[in-house]
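Residue-level structure breakdown
Chain by chain, the residues:
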Amino acid sequence: MTVVDRFLQYVKFDTQSDELTNMTPSTPGQMIFARHLEQELRSMGLKDITLDENGYLMATLPSNAGADIPTIGFIAHLDTSPDMSGRHVNPRIVENYDGGDITLNASEGIVLSPAQFPELLDYKGQNLIVTDGNTLLGADDKAGIAEIITAVDYLQQHPEIKHGDIRIAFNPDEEIGQGAHKFDVQQFGADWAYTMDGGAIGELEYENFNAAVAKVTFKGCNVHPGYAKHKMLNSIRVANQYAIMLPRWETPEHTEDYEGFYHLVSIEGTVEQTVLTYIIRDHDRDRFERRKKELEHLTRKINNEFPGCASIEIKDQYYNMREKIEPVMHIIDIAVEAMKEAGVEPKVQPIRGGTDGAQLSFKGLPCPNIFAGGLNFHGRFEFVPIPSMEKATDVIVAIARLTAAKKA
């Protein structure tokens, strides 16, 4: 089976995660998909196959080049984003893309256009896989799963390519930030690994945001508005006052590259109580800590004006994996060399987000991120160029070979 065959099969599984269920996996479709992949891996003859009750699937392609070669891993996630439906995905292949608009759904006027998504033009002349406009596609991260399994299959069919033990893992709930929480690094047993969860071809990432979530709660006092003078405290108005005290330009829509931000993601409120939820992001650890302190400072400032009104709860989510990758930069060097060998120009860049690899790196498994090839994740305009998936597969094979060769 080709990487495309696998991908088109995998996207048919509905694996949206759901942060509200408080279960792992958070949705039953992820376990259904994991069991399907388990059977596929068994039919391939892989070893040490395990699927636990939390939906973590692991397997080994044994070494064919001796026992002293580092064990490397490749990881992808089972779930798709809750941001848009992943049920009844109906993919379509656009052959030899001509650079124009792609009509996804004629009846609803849904068009994938380079006017809105100019990166489309980078793939002119290539075969693209798109949606029908009603769902996301699921290249994030079923492209990664298809690439890993196809690469392992290729290595099995070509024993002349020498490699050490290769561990693969597919985990649930990455999209809701839970993918690495129950990942057993010791059981996985790799010296280092790569998540195949990046975007456009060539992406190689070992820097990501430091991340936290903050909930600021404002307590008000509700009184009949006709008799409210000097009595009412409208928590919605106080929350609004707090929100506009933050730097206007330090938001996602005004930042790029290494610039951090405060992002107000939800407001829930009545006169009696309002809750603002923020995510805090910064690549620099010191600036990250200062951002958290700024929110705490503003909370105290509000309380000086409205005593006892505001309270804040801040919870760190993940940290920049750079500090864990820099001591083992040879794993980046191998990935760069593998891309060049596969005819791919490496694009080493920071992630303006996080990956399972960030959390895994802090759990003792250095784990940078490599492109899976998809673009416009989490929505109806998601697409993946077929050559990008094929190149990602080639990169996995090259990493396996180069790791063995450097140890020989």
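Our subject is the structure listed above.
All values reported here derive from a predicted model rather than from experimental measurement. (Residues numbered from 1 in each chain as written. Predicted model: local features only at pLDDT ≥ 70, side-chain atom pairs only at ≥ 80, totals over all residues. Heavy atoms only, no water.)

1. Some remarks on the side chain of Thr277
You can see Thr277 is positioned in strand 13 (residues 273–282). When its relative accessible area of 11% is taken as the criterion, Thr277 is described as buried. Filtering out sequence-adjacent residues up to four positions away, Thr277 remains in contact with Val213, Ala214, Lys215, His263, Leu264, Val265 and Ser266. (Helix = DSSP H or I, 4+ residues; strand = E, 2+ residues; numbered from the N terminus. Buried < 20%, exposed > 50% of the residue type's maximum accessible area, 1.4 Å probe, protein only. Contact = heavy atoms within 4.5 Å.)

2. Quick word on the nonpolar core
Of all hydrophobic cores here, the largest spans 69 residues; its most connected members are Phe7, Leu41, Phe170 and Ile399. Looking at this core element by element, the count peaks at ten residues for helix 10 (residues 386–407). Membership of the second largest hydrophobic core comes to 19 residues, among which are Ala214, Phe218, Leu298 and Ala310. (Core = buried A, V, L, I, M, F, W, Y, C linked by side-chain atoms within 4.5 Å.)

3. Considerations on the pattern of salt bridges
Charged atoms that come close allow side chains of opposite charge to pair. Here the structure, examined in full by the defined rule, presents 15 salt bridges. Close ionic contact of Asp282 with Arg291 constitutes a salt bridge, the shortest N to O distance being 2.8 Å. A residue is classified by how much of its surface remains accessible, and Asp282, at 0% relative accessible area, is buried. Using a relative accessible area of 9% as the deciding quantity, one classes Arg291 as buried. The partner of Glu341 in a salt bridge is Arg401, and the shortest N-O contact between them spans 2.2 Å. (Salt bridge = Lys/Arg side-chain N within 4 Å of Asp/Glu carboxyl O.)

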